[in-house]
Amino acid sequence: MSISDQLITQRRAEPAKMREEMRQVLTEKEQQTLGINMGAGSDHPRAWVGPPFIYDLLGAMQFQLLIDLGMRENHKFLDVGCGSLRLGRLAINYLLENRYFGLEPNVDILNRGCEMHFGADIEKSQVIAKKKATFAYNTDFDFSLTGGPVDFVFAQSIASHTGPAMTLKLLKAIADVSHDDTVSMVTYIRCGMPSKSNTEEGWFYPECVTYTDQAFGAFARQAGLHAYRTVWPATNIREDGLVTTQHPTILTKRPWKPRLNQRMTASLFEGIQKIN
Ligand SMILES: C[S@@+](CC[C@H](N)C(=O)[O-])C[C@H]1O[C@@H](n2cnc3c(N)ncnc32)[C@H](O)[C@@H]1O
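All figures in this text were calculated on a predicted structure; none of them were measured in a lab. (Residues numbered from 1 in each chain as written. Predicted model: local features only at pLDDT ≥ 70, side-chain atom pairs only at ≥ 80, totals over all residues. Heavy atoms only, no water.)

### Quick word on the site of the ligand
No. 1: Around the ligand lies a shell of 18 residues, among which Gly-81, Arg-86, Glu-104, Gln-156 and Trp-203 are the nearest.
No. 2: Between the ligand and Gly-81 there is a distance of 2.8 Å, counted from a nitrogen atom to a backbone nitrogen or oxygen.
No. 3: Protein coverage of the free-state accessible area of the ligand, which is 590 Å², stands at 97%.
No. 4: When atom positions are compared with the pocket grids, the ligand is found to occupy the largest pocket. (Near = heavy atom within 4 Å. Polar contact = N/O pair within 3.5 Å; in protein donor to acceptor, adjacent residues only side chain to side chain. Areas by Shrake-Rupley, 256 points an atom, 1.4 Å probe, with all protein chains shown as cover. 1 Å grid on protein atoms, 1.4 Å probe; cavity = no way out; pocket = protein on both sides within 12 Å on 5 of 7 lines; lining within 4 Å. Sits in = over half its atoms within 2 Å of the grid points.)

Structural data, given as structure tokens:
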């Protein structure tokens, strides 16, 4: 199957194979510590946020995408539903002081993640203190912790769990924290058929919901945002399929002008498409 076919059919890489690859290179003790054999959504900082055997890749791919989109160390960045700092462990180190903002209602998972990466919980971590990273813990998409607009936003694997009203609330909150050139990334799981597009309200976890591009594009329009389907860095593509079938979508207040590197990568696959 060609790589563009893989993207079009959204074939997910074989989880059993990926888990086995990790098992082969880790000791028993490491496997336990890293929760490699636990299911997504389990009570472990790596498993809570997704398949624990691709924890490293999912953080790195988010970070890579932000860099591809132009994030520099001086930019302000909001990590929506930052979980156990899968992306945060890279972004906090990269950004200058006072530039990282993380929202996460599960304080316990956030603290255990912080401990795992930085040796102490949020209150006691020297890295968090040095970088003056700021956290808030609400479920209302209240982004007031940022104290004003930010330059980049990532909501990874949030809209794959929200019903329509919550999704719209998320996108409106993103619009409120955006300036004219803010670039936001929201992932969701795309379905082709309108009958599969979720209409049930609530927060679904660890189950996932799916939306058509039309439905998601309409939420973005209601929130006053332009929405563009884009692609992950090529790290997402393996011989046996994709690391993640979550779809990265760019949201901007003004029409987005993709950078040359984005257009080049996207042109190898489905290209960048406006969905509203
Ligand atoms: C699939 S995990 C993704 C975490 C993180 N974005 C990442 O990529 O590692 C979803 C996260 O959203 C958090 N969450 C649940 N309800 C939320 C809400 N209303 N607002 C923000 N985050 C929420 C969960 O606790 C969980 O950590």
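### Some points on the packing of aromatic side chains
No. 1: Going through the model one piece at a time under the given rule, you end up with 10 aromatic pairs.
No. 2: Relative to Phe-216, the ring of Tyr-188 lies with its centre 4.1 Å away and its plane at 10 degrees, an arrangement referred to as stacked. One end of the pair, Tyr-188, is in strand β5 (residues 178–190); the other, Phe-216, is in helix α9 (residues 213–222), and 28 residues separate them in sequence.
No. 3: By relative accessible area, Phe-216 is classed as buried at 0%.
No. 4: Look at Tyr-211 and Phe-219: their rings are 5.4 Å apart centre to centre, the planes differ by 90 degrees, and that puts the pair in the edge-to-face class. (Phe/Tyr/Trp six-rings, centres within 6.5 Å; stacked < 30°, edge-to-face > 60°. Helix = DSSP H or I, 4+ residues; strand = E, 2+ residues; numbered from the N terminus. Buried < 20%, exposed > 50% of the residue type's maximum accessible area, 1.4 Å probe, protein only.)

### Side note on the nonpolar core
No. 1: Leu-69, Phe-77, Leu-85, Tyr-100, Ile-128, Phe-135 and Phe-154 are the most contacted members of the largest nonpolar core, which has 39 residues in total.
No. 2: At the level of elements, α2 (15–25), α4 (55–68), α5 (88–94), α6 (107–118), β4 (150–155) and β5 are the ones that each hand at least two residues to this core.
No. 3: Non-local contacts of Ile-128, meaning those with residues more than four positions away in its chain, are made with Ile-92, Cys-114, Phe-118, Ile-122, Ala-133 and Phe-135.
No. 4: With 34 residues, the next largest nonpolar core counts Leu-78, Phe-141, Ile-174 and Tyr-211 among its residues. (Core = buried A, V, L, I, M, F, W, Y, C linked by side-chain atoms within 4.5 Å. Contact = heavy atoms within 4.5 Å.)

### Quick word on the pairing of β5
No. 1: For β5, a buried count of 10 out of 13 residues is recorded, marking the element as mostly surrounded by other parts of the structure.
No. 2: After leaving β4, the chain enters helix α8 (residues 164–176) and then returns to the sheet as β5, a path that is right-handed.
No. 3: Pairing analysis gives 6 bridges linking β5 to strand β10 (residues 246–252), with the strands arranged antiparallel. What sits directly across from Tyr-188, in β10, is His-247.
No. 4: For β5 and strand β6 (residues 210–211), the ladder comprises 2 bridges, and the chain directions are parallel. (Right-handed = clockwise from strand over helix to strand, strands pointing away. Pairing = 2+ DSSP bridges.)

### Let's talk about the environment of Leu-170
No. 1: Within the secondary structure, Leu-170 sits in helix α8.
No. 2: Residue classification places Leu-170 among the buried positions, given a relative accessible area of 0%.
No. 3: A C-alpha to C-alpha distance of 12 Å links Leu-170 and Leu-225, two positions 55 residues apart in sequence.
No. 4: Not counting residues within four places of it along the chain, the set of residues in contact with Leu-170 comprises Val-80, Phe-141, Phe-143, Ala-155, Ile-158, Ala-159 and Val-186.

### Brief notes about the layout of surface pockets
No. 1: The space that makes up the largest pocket amounts to roughly 440 Å³.
No. 2: Around the largest pocket, the lining is made up of 26 residues, and of these Gly-81, Cys-82, Glu-104, Ile-158 and Trp-203 lie nearest the centre.
No. 3: Residue composition of the lining of the largest pocket, grouped by class: 13 nonpolar, 10 polar and 3 charged. (Points joined across faces, edges and corners; volume = space filled by probe spheres on them. Nonpolar A, V, L, I, M, F, W, Y, C, P; charged D, E, K, R; others polar.)

### Describing unusual backbone geometry
Across the chain, the bulk of peptide bonds are trans and the bulk of non-glycine residues have phi less than zero.
No. 1: Note the cis peptide between Tyr-205 and Pro-206, where omega equals 5 degrees.
No. 2: Counting through the fold element by element, Pro-206 comes out in the loop between β5 and β6.
No. 3: The backbone of Leu-85 shows a phi angle near 70 degrees, a positive value even though the residue is not glycine.
No. 4: Summarising the element assignment, Leu-85 is placed in the loop between β1 (77–80) and α5.
No. 5: Judged by relative accessible area, Leu-85 falls into the buried class, the value being 0%.
No. 6: For Ser-157, which is not glycine, the phi dihedral falls at a positive 60 degrees.
No. 7: Position of Ser-157 among the secondary structure elements: in the loop between β4 and α8.
No. 8: Among the residues examined, Ser-157 registers a relative accessible area of 14% and is labelled buried.

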